[in-house]
Each structure stands twice: as structure tokens, then as C-alpha cells.
Amino acid sequence: MEKVRYTVSNILQNKTKFYSLTMPTDVLSKCCFVSSRDEDPIMGFQRTLDEKRAMEIANYIDNEEGTIPSSIIISAQDVADVEIIGRGRTLEFMPDPKAFLILDGQHRVYGFSKAKSILRVPVVIYVGLSRKEESRLFIDINSKQKGVPSELLLDIKRMAEYENSTEESLRSIFDLFHDDPNSALLGKLSPASKSKNKISRVTFNSSVTPVAQFFGNRETEELYAILNCYLKAFLYGFFKENNIEEQLCNSTIFRALFAVFPEVAAKLKDRHGPDYTVDNYDSVMAEMFNKINLQKIRKPGSSYKAIATHLSNSMKSNFTL
């Protein structure tokens, strides 16, 4: 086995030195491992990592012509026999299967190993770290890096043209709730981030998505009107009536409201036809409003299904023959 060599940049950060370079993915995937206790690096990948995620990366590379610009961070092991030559600008090493321990980018490397395409990707190599230093660096990398909030990703999916039809419909309905002066949720939504006492896109989508199966071919504005009247009936008939308006923005409560929406809407349609007005919603929910346990709404816990069950039970009539 012969050594391979690559041009590198020397970087010094707070007395710690590492090297930055680019490396072909076929070489990288054959000389990295994820656990020093695993004899077989490929089997180590399979036991430690998520194969579905790796295949998604491979598909992104092979079929979507994707680009992955973020660096893989690895630590050279003794078997790599790393040497810096050529006036400090060239790094050479033995491409042994246990040459480098992956500190960050395990799934990307696993995905590279499954892809047919070969890319050149950025790599950061630490040399001469002890196992203690590797462990601490691994912890630092994985605890101090913060991913992009899901709310922001949803907010910008439209610009990236990554939305499916349901996401597009939910975004449009959310935006109407956010902008319409007549919205039951006016001032209660946070489009691009989590915010205390406000409903994020993530909470909105997870709440309304199960209802999407009933949308049919209705236009966005009509769907918004139907849902807005439903929430306004709850807002004025129950939340404001009991001086607990802030609980409408509780994520558990909000999801529970939409979990019982199909049942409420079915009762309304059976009684009034497809005329989804605030008054018609109120007529089928008035009895429920009187039976709801306020303490359950003030302190709902984390199970929206439990709250939805309570709302559904409160809707049931006490009629006996």
C-alpha cells in the first residue's frame, strides 16, 4: 500500500493546529471509521449509523446532482502515518481503513460510500490528538453546533421551490391567518422562529396536516375561511369567555383543537349543510364549551390526544330515551 498525498492549508486556532484540504469521496470513505472498537469499518457504519439517511445522501449526490460543501472532520490515527512534507503544504498518509476517526460527518461519509458518483469534498484533519482530546472535540462539535430551526426551513421552502402541494397549501393558509385583519390568530403566529405565546409554522403544520385530507379541491381562501370561523368560534365562545385567551397558543391545546375538527365539522354539516360560519360552529359546540374542564385547558400537559379526547367527550350529548 502506497501513501497518498494532498495539498493542505495549515490552520492554528487557540494553540490547536489542524489541516484543511479537499479529498475524493472514494478515498475518504475507504480510510475512515466511526468507532475504534469496530474491526470492520463498513460493518461499524452499519451498526452505528442510519442507513436510510445515508441512502438519502447517496441519492442526493447521484440523482439530484447535489453539492455538500460542509467539511468532514477527522482525526488521524497512528496507522495513518501522517507526514507533512513539501514546505508544510503537502500532507501524505497511508489509506488504511482505520487511518482516520470521524469526529463530524459520519452520515455524509457513509452516504459517500454508497454513492456511485465521486465528489471532491472539504476535509479537516487533526493530527496527534489523544483519545481524551478526540472525545472532548467530538462533544464540543456536537453540542455547540446549532442546526437551522425547523420553523425557518419551512418559511424559506417556497423560495427554494421544495414545497409539496400540502406544504404549499398550509403555507398559504398560515400566511392568511398571519396577515388577515379578521384572523382569529392575528398577532398569535410566528412565521420563522419559535416565540413564547405564539404558534410557529411547525406547530401549525403538525396541527393542520391531519385535516388536509378533508380539503378536497377547495381554494386556499375558502379553506382559510372554514378554519378561521372554527377558531373564532372557539376563541370567542370559550377562550375569551373564560379569560384564558393565551391558551389558544399552547401547542398541546392548538393540536387538540384540530384533532377534533373533523368531528365538529361533520356535526355542523349534518345540522346546517356545508355552511361553515362562526354561528353554525357555535351552535354545535356550545354544549361542549359548557362541559370542558377549565383546569385541563389551563394545565394541558404534553398529550394533545388526551385533550382531544376530553373535548370529544364533552361534545357528546347526555340524551337517554
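Every value quoted in this text rests on a predicted model; they were computed, and no experiment measured them.

Here is what the cut-offs are and how they apply
- Residues numbered from 1 in each chain as written.
- Predicted model: local features only at pLDDT ≥ 70, side-chain atom pairs only at ≥ 80, totals over all residues.
- Heavy atoms only, no water.
- Helix = DSSP H or I, 4+ residues; strand = E, 2+ residues; numbered from the N terminus.
- Phe/Tyr/Trp six-rings, centres within 6.5 Å; stacked < 30°, edge-to-face > 60°.
- Buried < 20%, exposed > 50% of the residue type's maximum accessible area, 1.4 Å probe, protein only.
- Lys NZ or Arg CZ within 6 Å of the ring centre and 35° of its normal.
- Pairing = 2+ DSSP bridges.
- Axes fitted to C-alpha atoms, helices over the stretch in contact; angles between N-to-C directions.
- Core = buried A, V, L, I, M, F, W, Y, C linked by side-chain atoms within 4.5 Å.
- Contact = heavy atoms within 4.5 Å.

At Glu 65, a residue that is not glycine, the phi angle is positive and equals roughly 50 degrees. As for its position among the elements, Glu 65 is in the loop between helix 3 (51-62) and strand 5 (72-76). Of note, Asp 81 is a non-glycine position whose phi angle comes to about 50 degrees, a positive value. Secondary-structure assignment places Asp 81 in the loop between strand 5 and strand 6 (83-85).

A word on the packing of aromatic side chains. Counted according to the given criterion, the structure contains 17 aromatic pairs. Seen from their ring centres, Tyr 230 and Phe 261 are 4.9 Å apart, and the 75 degrees between their planes marks the pair as edge-to-face. In this pair, Tyr 230 is assigned in helix 9 (residues 220-239) and Phe 261 in helix 11 (residues 261-272), connecting sequence segments 31 residues apart. Comparing Tyr 230 with Phe 261 shows no difference in burial state: the two are buried. Above the plane of the ring of Phe 33 lies Lys 98, whose end atom (NZ or CZ) is 5.2 Å from the centre. Above the ring of Tyr 304, the side-chain terminus of Arg 255 is found at 4.1 Å from the ring centroid.

Okay, helix 8 (residues 201-208) next. Most of helix 8 sits out of view: six of its eight residues are buried. All of the buried residues in helix 8 are Arg 201, Thr 203, Phe 204, Asn 205, Ser 207 and Val 208.

Judged by pairing direction, the sheet is antiparallel, and its three strands sit side by side in the order 1-7-6 without closing on themselves. Unpaired on one side and paired on the other, strand 1 (4-7) and strand 6 mark the two borders of the sheet. Between one strand and the next, the sheet's axes are offset by a mean angle of 30 degrees, whatever the strand orientation. Two strands pair when backbone bridges link them, and strand 1 and strand 7 (residues 90-93) are joined in this way by four bridges, in the antiparallel orientation.

On to the nonpolar core. Core analysis: the biggest nonpolar cluster contains 50 residues, and Tyr 230, Phe 239, Tyr 281 and Met 285 have the highest contact counts within it. Broken down by secondary-structure element, the contributors of at least two residues to this core are helix 7 (165-179), helix 8, helix 9, helix 10 (251-259), helix 11, helix 12 (278-291) and helix 14 (304-315). The element contributing the most residues to this core is helix 9, with twelve residues. Those residues in contact with Met 285 that lie beyond four places of it in its chain are Tyr 230, Ala 233, Phe 234 and Val 264. Within the second largest apolar cluster, 32 residues are counted, among which are Leu 28, Ala 54, Ala 80 and Val 109.

All right, on to the pairing of strand 8 (residues 100-104) then. For strand 8, the buried fraction is high: five of the five residues fall into the buried class. Inspection of the sheet shows strand 4 (residues 32-33) paired to strand 8 by two bridges, in the parallel sense. Bridging from a neighbouring strand, Phe 33 pairs with Leu 101 of strand 8. Relative to strand 8, strand 5 runs antiparallel, the two sharing four bridges. Bridge pairing links Ile 73 to Asp 104 in strand 8.

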